[in-house]
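Remarks on the overall topology
What follows is the residue order along each chain.
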Amino acid sequence: MIAVPLVSGERVLGVLEGMRAGAGARQFSATETKLLASLAIPIAAALANSVRIAEAERLSLTDDLTKLHNARYLRQFLVNEIKRARRYKTNVAALFLDLDDFKRVNDLHGHLVGSHALMEVASVILPSVRDTDCVVRYGGDEFVIILPETGIDEAVQVADRIRAKIERHPFTGGRRLRVSLTASFGIAVFPQHALSPQQLIACADTAMYGAKAADKNCIRVIAPPLALGNSTFEPSS
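Residues numbered from 1 in each chain as written. Predicted model: local features only at pLDDT ≥ 70, side-chain atom pairs only at ≥ 80, totals over all residues. Heavy atoms only, no water.

Topic: the packing of aromatic side chains
In this structure the tally under the stated criterion is two aromatic pairs. Look at tyrosine 73 and phenylalanine 77: their rings are 6.0 Å apart centre to centre, the planes differ by 25°, and that puts the pair in the stacked class. Taken together, the positions of tyrosine 73 and phenylalanine 77, both in helix H2 (residues 71–88) and four residues apart, correspond to about one turn of that helix. Above the ring of phenylalanine 28, the side-chain terminus of arginine 20 is found at 4.4 Å from the ring centroid. (Phe/Tyr/Trp six-rings, centres within 6.5 Å; stacked < 30°, edge-to-face > 60°. Helix = DSSP H or I, 4+ residues; strand = E, 2+ residues; numbered from the N terminus. Lys NZ or Arg CZ within 6 Å of the ring centre and 35° of its normal.)

Section: the nonpolar core
Within the largest apolar cluster, 34 residues are counted, with the highest numbers of intra-cluster contacts made by Ile145, Leu181 and Ile187. Those elements that provide at least two residues to this core are strand S3 (92–99), helix H3 (102–109), helix H4 (111–125), strand S5 (142–148), helix H5 (152–168), strand S6 (183–190) and strand S7 (219–221). Residues in contact with leucine 181, not counting those within four places in the same chain, are Phe102, Val105, Ala117, Val121, Ile166, Glu167 and Phe171. Core analysis: the next-biggest nonpolar cluster, separate from the first, contains 22 residues, Ala85, Cys134, Ile146 and Ala194 among them. (Core = buried A, V, L, I, M, F, W, Y, C linked by side-chain atoms within 4.5 Å. Buried < 20%, exposed > 50% of the residue type's maximum accessible area, 1.4 Å probe, protein only. Contact = heavy atoms within 4.5 Å.)

Re the pairing of strand S2 (residues 11–18)
As paired elements, strand S1 (residues 2–8) and S2 share seven bridges and run antiparallel to each other. Within S2, the residue paired with valine 7 across the bridge is valine 12. A loop of two residues connects S1 with S2, the two strands running antiparallel in sequence, and glycine 9 in this loop sits at a positive phi of about 65°. (Pairing = 2+ DSSP bridges.)

Considering the pairing of S3
With respect to burial, S3 is a largely interior element, eight of its eight residues being buried. Here S3 shows no split at all, with Val92, Ala94, Phe96 and Asp98 on one side and Ala93, Leu95, Leu97 and Leu99 on the other all buried. Of the strand pairs in this sheet, S3 and S5 are connected by seven bridges, and their pairing is antiparallel. Bridge pairing links alanine 93 to leucine 147 in S5. Strand direction decides the pairing type here: S3 and S6, joined by eight bridges, are antiparallel.

Concerning a nonpolar patch on the surface
Side chains of Leu35, Leu39, Ile43 and Leu47 sit close together on the surface and give an oily, nonpolar patch of about 320 Å² of accessible area. The topology assignment puts leucine 39 in helix H1 (residues 30–60). (Patch = residues over 30% accessible without salt bridge, like charges linked within 9 Å, V, L, I, M, F, W, Y side chains within 5 Å. Areas by Shrake-Rupley, 256 points an atom, 1.4 Å probe, with all protein chains shown as cover. Salt bridge = Lys/Arg side-chain N within 4 Å of Asp/Glu carboxyl O.)

Things to note about the side chain of serine 196
Inspection of the secondary structure puts serine 196 in the loop between S6 and helix H6 (197–213). Judged by relative accessible area, which is 18%, serine 196 ranks as buried. Not counting chain neighbours up to four residues away, the residues in contact with serine 196 comprise Ile82 and Arg86.

Have a look at this one:
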């Protein structure tokens, strides 16, 4: 048996291994050893490139600050989930949440505190959803949560659970502060409210603005296309 390390820079990425089996197996010659060592160089380079590409792809789909998925990932995820929902006749719910008066946090305490508070919001949201759900920092202080195989009632329950957790959580901003935050939620569900990924996000966004107009820290469900007025949900005090 012979083992040749696959080295790129100062990192060992793997091992190129050769083996001869059987009673009459002979040792590897110096020529064969030299050949394997020369093969290890391009193999290590290819592996290093593959690792770099995979890491670059991961970073392109991840928000730098919160480490949540970003809007680019959201588009891919929604297309796949809506295709699956069409095939199996299921629902996909979109929750669009915007932190209320978040600019005040930045104005009072600075952008570093605001950035840390956004990371804390992400840590509050993630334990409140399933592994199969998708949590996205959409931009600024806006977040989107996609709930596959979830109808309106279940989506409202998830939204109110997250809303209540954000309202109760003592955000520190990384400086032992005690910052209170609330969030307004909009909900839309495929296929009741929208028939495409773009429509679904747009409807949830519109419903969120309805929550903003209703004194904030509440949830609104977008009305179906033919309905009169928006259906609403008022969280319990």
